[in-house]
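# Examining the three-dimensional arrangement
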Amino acid sequence: MFDAIRSNRRIVQVILGLIVVTFAFFGVESYLSGIGNDTSLATVGDSKIGPAEFENALRRQQDQIRAQAGGEIDIAQLNTPAIRQAVLEGLVNQRLLALYAADARLAVSPEQLRDVIGSIDEFKRDGAFSRAQYEQVLRSQGMSEPAFEAQLRRDVAFQQLTTAVSSSAIAPTATARSLLQLQLEERSIALARVSAEELADSVTVTDDEVAQYYEANKAAFKLPARVKVSYLVLDRDSFTRSIEVDPAKVRQWYDEHQDRYRRPEERRASHVLIELPADADEAAVSEATAKAEALLKEIRDAKGDNFAEVAKRDSQDPGSAQSGGDLGFFTADAMVAPFSEAVFSMTEGDISEIVRSDFGLHIIQVTGVRPEQVRPFDEVKDAIESELREQESQRAFAHAAETFSNVVYEQPDSLEPAATEFKLEIQHADWISRDGVAESPFDNRRLVGALFEADALERKLNTEAVDVGNGRLVSARVEAFEPERTEAVGDVREEIVARLKLEAASREAAKAGEALIEKLRAGGEAVDLEFGEVQTVTRASTELDPSVHRALFSLVPESFPVYGGVVAMDNDYVVYRIDSAKKPEIADEDPRLVAVKGQYERVLAERDLTAFLAELRRKYKVEINRAALQSVAS
């Protein structure tokens, strides 16, 4: 039933990334549970997406983008209407797919679930799965093992669904070959330049032209208000590092929470499946039953010794048939009810009667039993110690945060009292503008906004203690302030003159270049233009000016040489000559053809998935509350 993922570890890896993101971002019940709130941003079927879920997803998305960009992105740029809309659409699509997966009763075997959990990097230590690490990560997210594993089953089923949709895309080989030929086409070209910089010396710019340019572009010479600040950071991590956990408390916790470390009974079973739809007619039921009874007799006649052989030969479960029907160990809640009830009512070695489930008819053999047990203390003590340290850290930091906030508020004329009480170093930051890019912690909009309020600017008071994320509180005070101003025309005159000269020279270079091109095309007349060495370029080449590269490949030459020209990004006019164009022959076995075909199929798969989601929107009514969307996280 699940061979699509069982046989492709790469698919499992893709699933893992999405699972961890889902687990960390949205929580256990975010897919299928509504919030029952009139302020919901969207309704998908009977479930709702509320402000808390949306804001959490938005913050996580912003953190990801900023981390990928090395923090060099202003938070304001990541809270635009377009980004908010994209985040909400992503949540809606996830909810649609999850609802469909639930309705389609997509299930996941215990063996597959173990493979997925064991492959998640967050649960590994020294490259191997660690039970203690697994428990610690779950506790840090406030999740129990049953809840996480139930969510994981839904997510893997959800990924099976999207994989099934996307894997149906097939790209024609002929089209892929044409695309690859275009990508690999080689053009022999030579370039010559008409320099704008050389012509700029002959351009005269008047005071009136400078004044007109200045007035028309005043906004370009506006300098924003900015401040220099000193600040304190209260960091939760420092509290965590300083906390020592009493070993006696670790043992006491273990003794008082035995249920958390109890492993439920697990059983291992093999089965032979004869597929039979739940709504099969009487004739189909009779035919399938007869086949199952014949197989059951064959197995019992051999006292079960031939079970694996029969499963390999006749089982219609492609996920387990090749392994002799083996399903591995699983708990009672891992399988559909009729199957699970049969397995857990048998003893090891027993062979069942014929059992019918939604998947069909099963013949089951119990091959192993792991009784319920409590994990030993030594196995879980590190995880308990980590959890207790985190709990104590949260309590200590919560108390410190309240005191810190009170001190910077009640003694607002200096950061020294708070620095002394909490043994913090007063730090300093250079010029910060309201809408500019700044390093952490001044990439936080609320903190920067507080610096430009009247209390901070005019009264020179400490800002409130602002939560800037990642367990950090910051209070700052303004040390110097420069109001917004527009640079005087005299201060920027040289810059304007240089700009106007270059623009005028670029236009003159273009005129001169176009005239030279006409002579080249006419032929027979000597042209005062020196081309560089002939070079070979493709569409993937990166060494050329982008404007020149686009111009070279925008033409479809019918004969050679071909002449043309374009203004380059440095304002020079570039005259180009195309001497030849050659498309390579692509063999069917060329690995590059396979790669391009795969890329094309991914484009088609994305199209198919988009169409599938559109169909789900028709099946499950989707309503977007745009007014509520505008009011949150803005």
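So, here is what we can say about the structure in this document. All of these numbers come straight from a predicted model, not from anything done at the bench.

## A look at the overall build of the protein
- Looking only at helices and strands, the protein has 23 helices and 21 strands in total.
- Taken over C-alpha atoms, the radius of gyration comes to 34 Å for the protein, far larger than the 26 Å a tight globule of 634 residues would show.
- When its C-alpha atoms are laid out on the principal axes, the protein stretches across 105 × 80 × 45 Å.
- Within the protein, counting contacts between residues at least 6 apart in sequence, those at least 24 apart form 73% of the total.
- With an accessible surface of roughly 34,100 Å², the protein has 48% of that area assigned to carbon and sulfur atoms.
- The positive charge centre, built from 75 side chains, and the negative charge centre, built from 110, are 2 Å apart in the protein.

## Quick notes on the sheet that holds strand 7 (residues 226–235)
- Here four strands make up an open sheet; going across it, the order is 14-7-16-15 and the pairing antiparallel. On the outer flanks of this sheet lie strand 14 (427–433) and strand 15 (466–467), each paired with one strand and no other.
- Of the strand pairs in this sheet, strand 7 and strand 14 are connected by five bridges, and their pairing is antiparallel. Note on strand 14: the bridge partner recorded for valine 229 is alanine 429.

## With respect to the packing of aromatic side chains
- Taken as a whole and assessed by the stated rule, the structure comprises 13 aromatic pairs.
- Taking the centre distance of 5.7 Å and the plane angle of 20° together, the rings of tyrosine 214 and phenylalanine 221 count as stacked. Comparing tyrosine 214 with phenylalanine 221 shows no difference in burial state: the two are buried.
- An angle of 70° between the planes, with centres 5.3 Å apart, marks the rings of tyrosine 254 and phenylalanine 377 as edge-to-face. Placement of the pair is tyrosine 254 in helix 12 (residues 247–256) and phenylalanine 377 in helix 16 (residues 377–410), with a sequence separation of 123 residues. The same class applies to tyrosine 254 as to phenylalanine 377, namely buried.
- In this structure an aromatic cluster arises from ring pairing among Phe123, Tyr134 and Phe148.
- One cation-aromatic arrangement involves arginine 226 over tryptophan 431; the distance from NZ or CZ to the ring centre is 4.3 Å.

## Notes on the pattern of salt bridges
- Taken as a whole and judged by the stated rule, the model has 34 salt bridges.
- Taking the shortest distance from any N to any O, the salt bridge between glutamate 518 and arginine 521 comes out at 3.7 Å. Of this pair, glutamate 518 and arginine 521 both sit in helix 20 (residues 489–522), three residues apart, which is roughly one turn of the helix.
- Each of Glu185, Arg187 and Arg539 takes part in salt bridges that share partners, so that together they form one network.

## Examining unusual backbone geometry
- Across the junction of serine 440 and proline 441, the peptide omega takes the value 5°, indicating a cis bond.
- Structurally, proline 441 is set in the loop between strand 14 and helix 18 (445–451).
- Note that the residue after phenylalanine 560, namely proline 561, is joined by a cis bond; omega there is -5°.
- Within the chain, lysine 460 stands out as a residue other than glycine whose phi angle is a positive 60°.
- A positive phi angle is found at asparagine 470, which is not glycine, with a value near 55°.
- In this structure, asparagine 470 sits in the loop between strand 15 and strand 16 (472–482).

## Considerations on the sheet that holds strand 1 (residues 42–44)
- Ordered by their spatial adjacency, three strands build an open sheet running 2-1-21, and the pairing between neighbours is antiparallel. Only two strands of the sheet have a single partner each, and these edge strands are strand 2 (47–49) and strand 21 (622–624). If you compare each strand with its neighbour and ignore which way they point, the axes differ by 15° on average.
- Of the strand pairs in this sheet, strand 1 and strand 21 are connected by three bridges, and their pairing is antiparallel. The partner of threonine 43 across the bridge, within strand 21, is glutamate 623.

## A closer look at the environment of arginine 389
- In this fold, arginine 389 is placed in helix 16.
- Since its relative accessible area comes to 21%, arginine 389 is described here as partly exposed.
- Separated by 207 residues in the primary sequence, arginine 389 and leucine 182 have C-alpha atoms spaced 60 Å apart.
- Not counting chain neighbours up to four residues away, the residues in contact with arginine 389 comprise Thr240, Ile243 and Val245.

## Let's talk about the environment of alanine 540
- When you line up the elements, alanine 540 lands in the loop between strand 18 (535–537) and helix 21 (546–553).
- The exposure class of alanine 540 is exposed, given its relative accessible area of 52%.
- Separated by 184 residues in the primary sequence, alanine 540 and arginine 356 have C-alpha atoms spaced 58 Å apart.

## Things to note about the side chain of arginine 177
- Here arginine 177 shows up in helix 8 (residues 173–184).
- In this view, arginine 177 contacts Ile586, Ala587, Asp588 and Leu593; residues no more than four positions away in its chain are not counted.

## Here we look at the pairing of strand 10 (residues 326–330)
- Summarising burial for strand 10: five of the five residues are buried, a large majority.
- Where strand 9 (residues 266–275) lies against strand 10, three bridges are found, and the strand directions are antiparallel. What sits directly across from arginine 268, in strand 10, is phenylalanine 329.

## Considering helix 16
- Across its 34 residues, helix 16 extends 48 Å between first and last C-alpha, which sits within 8% of the 50 Å expected from 1.5 Å per residue.
- Residue alanine 383 marks the point of greatest curvature in helix 16, where the axis turns by about 25°.

## Topic: the packing of helix 3 (residues 51–68) against helix 4 (residues 81–103)
- Contact geometry for helix 3 and helix 4: axes closest at 10 Å, N-to-C directions at 115°. Of the two elements, helix 3 crosses helix 4, and the hand of that crossing is right-handed. Note on element contacts: helix 4 touches helix 3 through Ile83, Arg84, Val87, Leu88, Leu91 and Arg95, opposite Glu53, Phe54, Ala57, Leu58 and Gln61.
- Its residues assigned to classes, the contact of helix 3 with helix 4 shows seven nonpolar, one polar and three charged.

## Thoughts on helix 14 (residues 307–314)
- Among all positions of helix 14, only Phe307, Val310, Ala311 and Asp314 are buried. Burial along helix 14 is one-sided: seen end-on, the buried residues are contained in an arc of 100°.
- Residues of helix 14 that are buried in the fold lie against strand 9, helix 13 (282–301) and strand 12 (360–370).

## Describing the pairing of strand 16
- Sheet topology places strand 7 next to strand 16; ten bridges connect them, and they run antiparallel. The residue of strand 16 that forms the bridge with valine 229 is valine 478.
- Alignment of strand 15 against strand 16, held across two bridges, turns out to be antiparallel. When the bridges of strand 16 are listed, aspartate 467 appears paired with leucine 473.
- Between the end of strand 15 and the start of strand 16, which pair antiparallel, lie four residues, with glycine 469 showing a positive phi angle near 95°.

The rules behind these values
Residues numbered from 1 in each chain as written. Predicted model: local features only at pLDDT ≥ 70, side-chain atom pairs only at ≥ 80, totals over all residues. Heavy atoms only, no water. Helix = DSSP H or I, 4+ residues; strand = E, 2+ residues; numbered from the N terminus. Rg over C-alpha atoms; globule rule 2.2 N^0.38 Å. Contact = heavy atoms within 4.5 Å. Areas by Shrake-Rupley, 256 points an atom, 1.4 Å probe, with all protein chains shown as cover. Lys, Arg positive; Asp, Glu negative; His and termini not counted. Charge placed at Lys NZ, Arg CZ, Asp CG, Glu CD. Pairing = 2+ DSSP bridges. Phe/Tyr/Trp six-rings, centres within 6.5 Å; stacked < 30°, edge-to-face > 60°. Buried < 20%, exposed > 50% of the residue type's maximum accessible area, 1.4 Å probe, protein only. Lys NZ or Arg CZ within 6 Å of the ring centre and 35° of its normal. Salt bridge = Lys/Arg side-chain N within 4 Å of Asp/Glu carboxyl O. Axes fitted to C-alpha atoms, helices over the stretch in contact; angles between N-to-C directions. Expected span 1.5 Å × (residues − 1). Bend = angle between axes of the 7 residues up to and from the residue. Left-handed = near helix turned anticlockwise from the far one by under 90°. Nonpolar A, V, L, I, M, F, W, Y, C, P; charged D, E, K, R; others polar. Arc of directions from axis to C-beta.

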